[in-house]
Amino acid sequence: MSKPRNFFFFKPSPPPQSSSPFPPSSPGNKTFSDAIIDENIETAHTLITKWNHISTTSNHSQYPYLFTNTEEAKHYLKAVKSLQSAMQYLVAKDSTSKKLIEAQSLMQLAMKNLESEFYRILGENRDRFNSESVSVLSRSSTDRRSSFSDDEYSDEESSSLSAQSVSMTAVADLKAIAECMIFTGYSKECAKIYVIVRKSIVDEALYNLGVEKLSFSQVQKMDWEVLEWKIKTWLNAVKVAVNTLFHGERTLCDYIFESPEKKIVDSCFSEICKDGAMMLFSFPENVAKCKKTPEKMFRTLDLYENWHQIESIFSSESNYTIRSQVIASQVRLGETVINMLTDFESAIQKESSKVPVPGGGVHPLTRYVMNYIALLSDYSDAIADIVSDWPQSPLPESYYKNPSHDENNPPSEIAKRLSWLILVVLCKLDGKAELYKDVALSYLFLANNMQYVVVKVRKSNLGFILGEDWLLKHEMKVKEYVTKYERMAWNKVMSSIPENPTAENASGIFQNFNVVFEEAFRTQYLWVVPDPKMREEIGAWLDLNVVYKYREFYVKYRVGLNLVIRYSPEDLRNYLSEILCGSVSSHSPDR
């Protein structure tokens, strides 16, 4: 690396007048002040020239680097700071003095050596400085320690740092060098070296995470399988980058450049992370611009969800460009989700199949839509954020009216949106029920599909979003459909046994019952109720309303009528247990 070495001008960073260690020049204290200046310059000359000679002529396998000797490094930095103070005094007294020229020359040598040490320490520890290893540095400045203070690390900190394999001596050395260079007016040179080294580390880390610069054209041309793999790679990369890589860089930067001049920290951090962050955060926007299809919804939501902590890490003004890219990507992703939700609703409404589902089972549209919406509910936070600015829900206000509903706690926007999508598919199912010629089957179809909807809601995150009122309302709808099916499908069978039969017409009643029961069985033997609980409830109803009623009649009037009685109550129960399973009975009563 070519490091700056041309220091032709003294670049003082003067503190307030009252902070100078030297009293104003006057006849009474002039000799004393000059003596101190001479002593400071002489001490600085001895240390600076010594280490300049070692750094330029010696073999470091035999002679140590400056910052491998803590005490010597302390004296060196103290001498440099004293030299800076002496230069400030000399500038105020006589800006053309030979002492000032000598001090300037010494300062240039000192900065050259400190730059070299700063670069060396950064390079030798490049693999040790990561988020985990520097997490302890995020403590407040009043609690921080360094090898250049009189305090020591706590046992807890030492144990943590040892486990993290980071050299805190190196961190403290970097901090001390940066502090000295900032004090002497060489903050830009220090920051430049720091940025060059750390930026290469960040760029390399992002490359290893699979982050690459992709244009919109490149993303647009990718097959979905390839793009989905890229998205998965990005999702992993952004978590590591935000929670570990960028966070670690900010922590390290804050610690090493701890200074009232916050702009140094912000500027360094921005320069280190800007290119990588822009490359990382522009990818979602390019994905969002691509053609929108239903299967891309969930990967788009995955992309939308991964923006936590970004704003806090890149909060400074110097990171405005990064924040702008983050916002642009998030806005574009939100717009894409809204467009896909709109397209999804439109696709439901346009579904036009005219073939009834065999046996009145669950329609493929119901399965697809409810599985899709259930998956959407897993992204409730992201969708809630996205739909908050969407135009008002098309749901009528009365749809959520319920006596038990708290008017002070109205349903959320996401609840309204997802309810609306479910309502759209339920309306489509009403139309598809009309495809069945048998009215009882149409009600069974509606019951099956409504039950599927209710179960899917109750067993997914939709239940928490839509709430118990919604569930109770739709469970009542299931019961209503089931009741209508039972009445329409079994009314003839139940009414075939009058309320007050007599022995004289018992034979005719048995014969009529046989006919209507067999007709009902033939009609329903291929009908289905996929939900076990619902099928069990219908079976219990049949047992009570058909089998039990038949048993009472059978027990009372069976004597002498063996020729017309085809079924015992047990036979009846066996046959009824086999309907609504979607298969022909192995011993059908059809004779």
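Treat the numbers as computed from the prediction; the structure is a model and nothing was measured.

## Observations regarding the overall build of the protein
Then step 1. Helix and strand content of the protein: 20 helices and zero strands.
Then step 2. Expressed as a percentage of its 591 residues, the buried residues of the protein come to 48%.
Then step 3. Partitioning the contacts of the protein with sequence separation of at least 6, the portion at a separation of at least 24 is 80%.

## Focus on the packing of helix α10 (residues 297-305) against helix α13 (residues 364-377)
Angle between the axes and distance between the axes: these two values describe a pair of packed helices.
Then step 1. Viewed as axis vectors pointing N to C, α10 and α13 meet at an angle of 5 degrees, and their least axial separation amounts to 11 Å. Comparing the axis directions of α10 and α13 gives the class roughly parallel. Between α10, through Met297, Phe298 and Leu301, and α13, the contact on the second element is made entirely by Tyr372, Leu375 and Leu376.
Then step 2. Its residues assigned to classes, the contact of α10 with α13 shows six nonpolar, no polar and no charged.

## Here's the deal with the nonpolar core
Then step 1. One finds Phe118, Phe246, Phe257, Phe281 and Trp490 to be the most contacted residues of the largest nonpolar core, which totals 183 residues.
Then step 2. It is helix α8 (residues 224-256) that contributes the most residues to this core, 15 residues altogether.
Then step 3. Excluding its chain neighbours within four sequence positions, the residues that come into contact with Phe281 are Val238, Val242, Phe246, Trp307, Ile310, Phe314, Ile322, Gln325, Val326 and Ser329.

## Concerning the environment of Ala489
Then step 1. Structurally, Ala489 can be placed in helix α17 (residues 462-495).
Then step 2. Separated by 32 residues in sequence, Ala489 and Phe521 place their C-alpha atoms 9.7 Å apart.
Then step 3. When neighbours within four sequence positions are excluded, Ala489 is seen to be in contact with Ala440, Ala520, Gln524 and Trp527.

## Focus: the pattern of salt bridges
Then step 1. This structure, assessed with the given rule, holds 23 salt bridges.
Then step 2. Among the salt bridges present, the one from Glu228 reaches Arg299, with a minimum N-O distance of 3.3 Å. Remark: Arg299 occurs in helix α10 and Glu228 occurs in helix α8; sequence separation between them is 71 residues.
Then step 3. Note that Lys432 and Glu351 form a salt bridge whose closest N and O atoms lie 2.5 Å from each other. You can see Lys432 sitting in helix α15 (residues 413-433) and its partner Glu351 sitting in the loop between α12 (320-350) and α13, a full 81 residues away along the chain.
Then step 4. On the accessibility criterion, Lys432 (5% relative accessible area) is buried.
Then step 5. Through salt bridges that share partners, Glu117, Arg120 and Glu124 make up one connected network.

## Considerations on α10
Then step 1. Counting buried residues along α10, eight of its nine residues qualify, which places the element largely inside the surrounding structure.
Then step 2. Among all positions of α10, only Met297, Phe298, Arg299, Thr300, Leu301, Asp302, Leu303 and Tyr304 are buried.
Then step 3. On its buried side, α10 packs onto α8, α9 (262-289), α12, α13 and α14 (380-387).

## Focus: the packing of aromatic side chains
Then step 1. A complete count under the given rule lists 24 aromatic pairs for this structure.
Then step 2. Summarising the aromatic geometry, the rings of Phe510 and Tyr550 are spaced 6.1 Å apart at their centres and angled 85 degrees between planes, so their arrangement reads as edge-to-face. Placement of the pair is Phe510 in helix α18 (residues 506-524) and Tyr550 in helix α19 (residues 532-557), with a sequence separation of 40 residues.
Then step 3. Residue Phe510 is classed as buried on the basis of its relative accessible area of 0%.
Then step 4. The interplanar angle of 25 degrees and the centroid separation of 4.5 Å between the aromatic rings of Phe513 and Tyr550 together place this pair among those described as stacked. Placement of the pair is Phe513 in helix α18 and Tyr550 in helix α19, with a sequence separation of 37 residues.
Then step 5. Given a relative accessible area of 1%, Phe513 falls into the buried group.

## Considerations on unusual backbone geometry
Then step 1. Phi angles above zero are rare outside glycine, and Leu580 is one such case at about 65 degrees.
Then step 2. Within the secondary structure layout, Leu580 lies in the segment after α20 (569-576).

## A few points about the confidence of the model for the protein
Then step 1. Chain-level statistics for the protein give a pLDDT mean of 81 and a share of 81% at 70 or above.
Then step 2. Per-element mean pLDDT across the protein ranges from 47 in helix α4 (residues 155-164) up to 96 in helix α16 (residues 439-458).
Then step 3. Low pLDDT (under 50) marks residues 149-153, which in the prediction has ten contacts with non-local residues, meaning those over four places away or in another chain.
Then step 4. Throughout residues 157-164 the model reports pLDDT below 50, and contacts reaching past four residues in sequence, or to other chains, amount to eleven contacts.

Rules behind the numbers
- Residues numbered from 1 in each chain as written.
- Predicted model: local features only at pLDDT ≥ 70, side-chain atom pairs only at ≥ 80, totals over all residues.
- Heavy atoms only, no water.
- Helix = DSSP H or I, 4+ residues; strand = E, 2+ residues; numbered from the N terminus.
- Buried < 20%, exposed > 50% of the residue type's maximum accessible area, 1.4 Å probe, protein only.
- Contact = heavy atoms within 4.5 Å.
- Axes fitted to C-alpha atoms, helices over the stretch in contact; angles between N-to-C directions.
- Parallel < 35°, antiparallel > 145°, perpendicular 65-115°, else oblique.
- Nonpolar A, V, L, I, M, F, W, Y, C, P; charged D, E, K, R; others polar.
- Core = buried A, V, L, I, M, F, W, Y, C linked by side-chain atoms within 4.5 Å.
- Salt bridge = Lys/Arg side-chain N within 4 Å of Asp/Glu carboxyl O.
- Phe/Tyr/Trp six-rings, centres within 6.5 Å; stacked < 30°, edge-to-face > 60°.
- pLDDT = per-residue confidence, 0-100.

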